[in-house]
Amino acid sequence: MSRRINKKRKFPNADPMYNSFLVSLMMSKILKSGKKTIAQKIIYEAFDIIQQKTNDLPLKTFEKAVKNVSPAVKIKAKRVGGSTYQVPIEVKKFRGINLGLCWIIQFAKARSGKTIAIKLANEIIDASKGSGNAIRKKDETHRMARSNKAFAHFRS
């Protein structure tokens, strides 16, 4: 007899400067070996760069970037009778935001630039404008899901 335990998701507290839950999530994604102050410095420095480059509120630009990058569907490999199918699966809102944040950080690290703050700022600015590698990753995921729509009945 197995009992399913209902776990509540533990959300991080809002960050002190912008009082934003999204910024706090981004901090926890950037964290390395639990160095939260370093993650804060990186994000706040990136936000200062965004402020200088766009003359817009950095939080607004960041939220727009995350909204643009968050996917609605993802591909999951499902093995049925000896062959593997790429099955499109809808993504919950929170998971989509997490994937978007991960992609922004991943492609910011891959960029060329002096510091991680500059790279992150440039990736966020590009994502808010609807370009950049994170947006390309989202489009690629959606395109794959659309082309494999025929296998949607394998969803479990």
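Residues numbered from 1 in each chain as written. Predicted model: local features only at pLDDT ≥ 70, side-chain atom pairs only at ≥ 80, totals over all residues. Heavy atoms only, no water.

### Describing the overall build of the protein
- Along the backbone of the protein there are six helices and two strands.
- Along the protein, helices and strands appear, N-terminal first, in the series α-α-α-β-β-α-α-α.
- For the protein, the C-alpha atoms occupy an extent of roughly 55 × 40 × 25 Å along the three principal directions.
- For the protein, with 156 residues in total, the buried portion stands at 37%.
- Long-range contacts, defined as pairs at least 24 residues apart, comprise 63% of the intrachain contacts of the protein with a sequence gap of at least 6.
- Total accessible area on the protein stands at roughly 10,300 Å², and carbon and sulfur atoms take up 51% of it.
- The distance from the centre of the 34 positive side-chain charges to the centre of the 10 negative ones in the protein is 11 Å. (Helix = DSSP H or I, 4+ residues; strand = E, 2+ residues; numbered from the N terminus. Buried < 20%, exposed > 50% of the residue type's maximum accessible area, 1.4 Å probe, protein only. Contact = heavy atoms within 4.5 Å. Areas by Shrake-Rupley, 256 points an atom, 1.4 Å probe, with all protein chains shown as cover. Lys, Arg positive; Asp, Glu negative; His and termini not counted. Charge placed at Lys NZ, Arg CZ, Asp CG, Glu CD.)

### Topic: the side chain of threonine 61
- By the element assignment, threonine 61 lies in helix α3 (residues 58-69).
- Judged by its relative accessible area of 6%, threonine 61 falls in the buried class.
- From its side chain, threonine 61 meets the backbone oxygen of leucine 57 in a polar contact 3.1 Å long.
- Setting aside residues no more than four positions away along its own chain, threonine 61 makes contact with Ile50, Thr54, Asp56, Ile124 and Ser128. (Polar contact = N/O pair within 3.5 Å; in protein donor to acceptor, adjacent residues only side chain to side chain.)

### Re a positive patch on the surface
- A surface patch of like charges, here positive, comprises Lys60, Lys64, Lys67 and Lys93.
- Here the element with the most residues in the positive patch is α3; it accounts for three residues.
- With respect to the helices and strands, the residue lysine 93 is situated in helix α4 (residues 93-110).
- A relative accessible area of 70% means that lysine 93 is categorised as exposed. (Patch = residues over 30% accessible without salt bridge, like charges linked within 9 Å, V, L, I, M, F, W, Y side chains within 5 Å. Salt bridge = Lys/Arg side-chain N within 4 Å of Asp/Glu carboxyl O.)

### Quick word on the packing of α4 against helix α5 (residues 116-129)
- The N-to-C vectors of α4 and α5 enclose an angle of 125 degrees; their axes lie 8 Å apart at closest approach. In this view, α4 runs oblique relative to α5, as classed from their interaxial angle. Handedness of the α4/α5 crossing: right-handed. Contacts from Ile104, Phe107, Ala108 and Lys109 of α4 reach α5 at Ile116, Lys119, Leu120, Glu123 and Ile124.
- Of the residues that constitute the contact of α4 with α5, the class distribution is six nonpolar, no polar and three charged. (Axes fitted to C-alpha atoms, helices over the stretch in contact; angles between N-to-C directions. Parallel < 35°, antiparallel > 145°, perpendicular 65-115°, else oblique. Left-handed = near helix turned anticlockwise from the far one by under 90°. Nonpolar A, V, L, I, M, F, W, Y, C, P; charged D, E, K, R; others polar.)

### Considering α3
- Its 12 residues give α3 an end-to-end C-alpha distance of 16 Å, which sits within 8% of 16 Å, the value for a rise of 1.5 Å per residue.
- Listed as buried for α3 are Pro58, Leu59, Thr61, Phe62, Ala65, Val66 and Val69. Buried residues of α3, viewed axially, fall in a sector of 160 degrees; they line one side. Turned more than 90 degrees away from the buried face of α3, the exposed residues are Lys60 and Lys67.
- Where α3 is buried, its residues touch α1 (21-30), α2 (36-54), α4, α5 and α6 (133-147). (Expected span 1.5 Å × (residues − 1). Arc of directions from axis to C-beta.)

### Focus on the pattern of salt bridges
- A full pass over the atoms with the stated rule returns two salt bridges.
- A salt bridge links glutamate 123 to arginine 111, with the nearest nitrogen and oxygen atoms 2.7 Å apart. In this pair, glutamate 123 is assigned in helix α5 and arginine 111 in the loop between α4 and α5, connecting sequence segments 12 residues apart.
- A relative accessible area of 0% means that glutamate 123 is categorised as buried.
- Assessed through its relative accessible area of 23%, arginine 111 is described here as partly exposed.
- With a closest N to O distance of 2.3 Å, arginine 111 and aspartate 126 form a salt bridge. Taken together, the residues span a long stretch of sequence, with arginine 111 in the loop between α4 and α5 and aspartate 126 in helix α5 at a distance of 15 residues.
- The partly exposed category is assigned to aspartate 126, whose relative accessible area is 22%.

Scope: geometric values only; no functional claims are made or implied.
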